[in-house]
Amino acid sequence: MKEWILKNSDVEDFETNGCEEVDTQFVYKQLAHVGKPARYKGGFKLGEGSQNYRKMSWTVAAFGKHHGVDLLRNAGGKTSFVVMPMLPKALLAFNDTLAYRNNKNLPSVALGHSGEIAGFLSCYAKEKFSEGSRFWMLSIPGSNRRCNIDELSDAIKQAFDRLEVLQDVLSEAETGWIERIYAQIESPFRSRDKTFFPHFHLILESSDNPEIEAEMRALLLGFAERFGLRWASIDLKPVSKERFPAVAFYCTKPHETAYQIAEADEPEIFRKYFDEVASHKARSCTGSFKKFRKRVRDSGLKVQTTWSSSGEPTVQLVEKTRRKRKDDEHSELSKGALSNGESQPSEAVGSEDQGEALQEASDSEADPAEANVFCGVTQPSAAPGDRLISYCVMKNFDPTQFKRKNPSKGQFAYEWANSEALAAWEENTGKEFSLKEFLEPFAEDLAKLIREQGKVHYYTITACPLVLETLEEILEERKSQHLKVVKKENPTQRSWFSPTLNSLSSVSSGFKQIVSGFSIRKLVNFLAKSLGTGFS
């Protein structure tokens, strides 16, 4: 198996109706949706959002390690996301290069809990919209001035105290009712003067009467004058039913303060931030929404992304289920690896990378010497090509340790899950799985990232020779197609095609060097290490 460094590419009664039934024969029931149409709007592992969050986490953890702030696990291993479905003789995985602690200051880790909260908010709003409620997004400063690191802790505490005052002010509405249901503080760092700006993103719920907006603005104006806040810094916007999931994700998104301090190379401020500030609470769920979350959990429900027949995502409340193996074979494994597949939190619609939501839940302390520790499978998410795919999440991923006979628990669990994903893909697409067709929608991006290895340190790809060869075949075909188009055009139009043609040629030629560099000797060594695994 060959590993490559990637370069940075620059969410009472509960409604569970409308959830599509899945094949109960699946051990991992969510995998029954793999291959169904799903409109891709970003969020794939190669996507910019995913890359950025991973870069931020790596930067914070690496900077902390260098300056005495430990954000890495001593055990448990690094996390890998293995793409499913995939042919039994092929493999493609995306790997973290550090083993992160479960810490909210690591954005790619915090995304899991943020996505879960956004999903709960969306389900709550869906119910309340049908009952006539209105929703609002409010951005408001936590203080009337910027503050330095020595003032930040007290400023955040004071901001949450003022938040309680704000609720009292809003409760004075006479033309209807107003309630704060969610608030999250963030304190972005400005490097040029080394100051922070604590401010809140809030979601408000209100009655649906025409006068409520004007009264709300009047109450906010009085609040601003009371604490010396500039009215221009307060932003109140109505939120439609269609826009609510995106607003929920925006208001719950992971904060980037630690990353901003690390990028500014401020070790003293970084250490003080983690010593004095980082542990403060950042969000507050209140009122009817807080009660809603408790009732949902007490009822044995969870938030899950579902997909319409047209490929549009939505969030639903679904029952939590425990999986049972169809036979008693490998009973020890059933109690171990396979039982962990339900552990992931739900992902929110619109999250940058839904698969990353499982990373927080998989913060188990595995034996650092044990390879291929199975942590579960992600909820299916849209990928380029507008189909649902999933990922198997593993720690200490090392496919050279895979064996045909007597496989480890982790290998057995992955192969079982992948076989279900593969079966679901073929059932939902109505045709046999083709590795070439699967890779085509993102072939150029994947090949470019593999070719430009060594540019970053936070993200690697593991790809088997069959995947590499298939990528080369796709690129060569596209290059030939572009050449045929160019030959049909006159010389003045040829220059218009040059950037595309040159880009394809560059990626293709560089990629051919990688594939050709996978020599017979290396291939024999690879096969010797993974003898009997089925990889080619």
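For the structure, check the block above.
Report on the accompanying structure. All values derive from a computational prediction rather than experimental measurement. (Residues numbered from 1 in each chain as written. Predicted model: local features only at pLDDT ≥ 70, side-chain atom pairs only at ≥ 80, totals over all residues. Heavy atoms only, no water.)

**A look at the packing of helix α3 (residues 149–170) against helix α4 (residues 212–227)**
Running from N to C, α3 and α4 cross one another at 140°; their axes reach a closest spacing of 10 Å. Note that α3 runs across α4; the crossing there is right-handed. From α3, Arg162, Val165, Leu166, Val169 and Leu170 reach across to α4, where they touch Met216, Leu219, Leu220, Phe223, Arg226 and Phe227. For the contact of α3 with α4, the residue count by class is 9 nonpolar, no polar and 2 charged. (Axes fitted to C-alpha atoms, helices over the stretch in contact; angles between N-to-C directions. Helix = DSSP H or I, 4+ residues; strand = E, 2+ residues; numbered from the N terminus. Left-handed = near helix turned anticlockwise from the far one by under 90°. Contact = heavy atoms within 4.5 Å. Nonpolar A, V, L, I, M, F, W, Y, C, P; charged D, E, K, R; others polar.)

**A word on the pairing of strand β2 (residues 79–84)**
Regular strands have side chains that alternate between both faces of the sheet. With 6 of its 6 residues buried, β2 lies for the most part within the structure. Going residue by residue along β2, you find Thr79, Phe81 and Val83 tucked away on one face and Ser80, Val82 and Met84 tucked away on the opposite face as well. Here 6 bridges tie β2 to strand β15 (residues 387–395), and the two strands are oriented antiparallel to one another. For Phe81, the partnering residue across the bridge sits in β15 and is Val393. As judged from the 3 bridges shared by β2 and strand β3 (residues 92–96), these two strands associate in the antiparallel manner. Bridge pairing in β3 links Phe81 to Phe94. (Buried < 20%, exposed > 50% of the residue type's maximum accessible area, 1.4 Å probe, protein only. Pairing = 2+ DSSP bridges.)

**Examining helix α7 (residues 267–277)**
All buried positions along α7 are accounted for by Ile269, Phe270, Tyr273, Phe274 and Val277. Summarising the axial view, the buried residues of α7 lie within an arc of 130°, below the 170-degree limit, and thus occupy one face. Turned more than 90 degrees from where α7 packs its buried face, Glu268 and Asp275 sit exposed. (Arc of directions from axis to C-beta.)

**So, the sheet that holds strand β9 (residues 235–239)**
Spatial strand order, β9-β4-β8-β5-β10: 5 strands in an open sheet with antiparallel pairing. Here the strands that pair on one side only, and so sit at the sheet edges, are β9 and β10 (283–285). Between one strand and the next, the sheet's axes are offset by a mean angle of 20°, whatever the strand orientation. In this structure, strand β4 (residues 134–141) lies alongside β9, joined through 5 bridges in antiparallel fashion. By the bridge assignment, Ser139 is partnered in β9 with Asp235. Where α3 meets the sheet, its contacts fall on β4, β5 (178–186), β8 (199–206) and β10, and the angle it forms with β5 comes to roughly 165°. The strands that helix α8 (residues 287–298) touches are β5 and β10; relative to β5, the one it contacts most, it runs at about 80°.

**Quick notes on the packing of aromatic side chains**
Under the definition given, this model contains 22 aromatic pairs. Measuring from ring centre to ring centre gives 5.0 Å for Phe189 and Phe196, while their planes differ by 45°; the resulting arrangement is tilted. Ring pairs connect the aromatic residues Tyr124, Phe129, Phe135, Phe244, Phe289 and Phe292, which therefore count as one cluster. The ring of Phe120 carries the charged tip of Arg293 above its face, separated from the ring centre by 5.5 Å. (Phe/Tyr/Trp six-rings, centres within 6.5 Å; stacked < 30°, edge-to-face > 60°. Lys NZ or Arg CZ within 6 Å of the ring centre and 35° of its normal.)

**Things to note about the pattern of salt bridges**
In the structure shown here, the tally under the stated rule is 18 salt bridges. Two residues, Arg190 and Asp193, come together in a salt bridge whose shortest N-O distance is 2.5 Å. Owing to a relative accessible area of 34%, Asp193 belongs among the partly exposed residues under this scheme. Measuring nitrogen to oxygen at the nearest pair gives 3.1 Å for the salt bridge that ties Glu444 to Arg478. Of this pair, Glu444 sits in helix α13 (residues 443–451) while Arg478 sits in helix α14 (residues 465–488), placing them 34 residues apart in sequence. What makes Glu444 partly exposed here is its relative accessible area of 34%. Three or more residues are tied together by salt bridges with common partners; here these are Asp150, Glu268 and Lys272. (Salt bridge = Lys/Arg side-chain N within 4 Å of Asp/Glu carboxyl O.)

**A few points about the pairing of strand β13 (residues 373–377)**
The buried count for β13 comes to 5 of 5 residues, which makes it a mostly enclosed element. Sheet topology note: the β13/β15 ladder contains 4 bridges and is antiparallel. Following the sheet pairing, Gly376 is matched in β15 by Val393.

**Describing helix α11 (residues 409–429)**
Relative to the 30 Å expected for 21 residues at 1.5 Å per residue, α11 spans 30 Å between its end C-alpha atoms, a close match to the ideal helical length. Backbone geometry just downstream of α11 places Gly430 in the positive-phi region, at approximately 75°. (Expected span 1.5 Å × (residues − 1).)

**With respect to the packing of helix α2 (residues 107–130) against helix α5 (residues 244–252)**
Interaxial distance between α2 and α5 falls to 8 Å at its minimum, and their mutual angle equals 145°. Here α2 and α5 pass one another in a crossing that is right-handed. On the side of α2, the interface is formed by Leu111, Ser114, Ile117, Ala118, Leu121, Ser122, Ala125 and Phe129, while α5 contributes Phe244, Pro245, Ala248, Phe249 and Thr252. Residues belonging to the contact of α2 with α5 are distributed by class as follows: 10 nonpolar, 3 polar and no charged.

**As for the nonpolar core**
A general tendency of soluble globular proteins is for nonpolar side chains to be buried together. Of all hydrophobic cores here, the largest spans 59 residues; its most connected members are Leu138, Phe200, Leu202, Met216, Phe270, Tyr273 and Phe274. Per-element tally for this core: the top contributor is α3, with 11 residues. Contact partners of Phe270, with chain neighbours within four places excluded, come to Val60, Phe63, Gly64, Val69, Ala258, Ile261 and Ala262. If you look at the next biggest cluster of nonpolar residues, it comprises 56 residues, including Val27, Tyr28, Cys375 and Met394. (Core = buried A, V, L, I, M, F, W, Y, C linked by side-chain atoms within 4.5 Å.)

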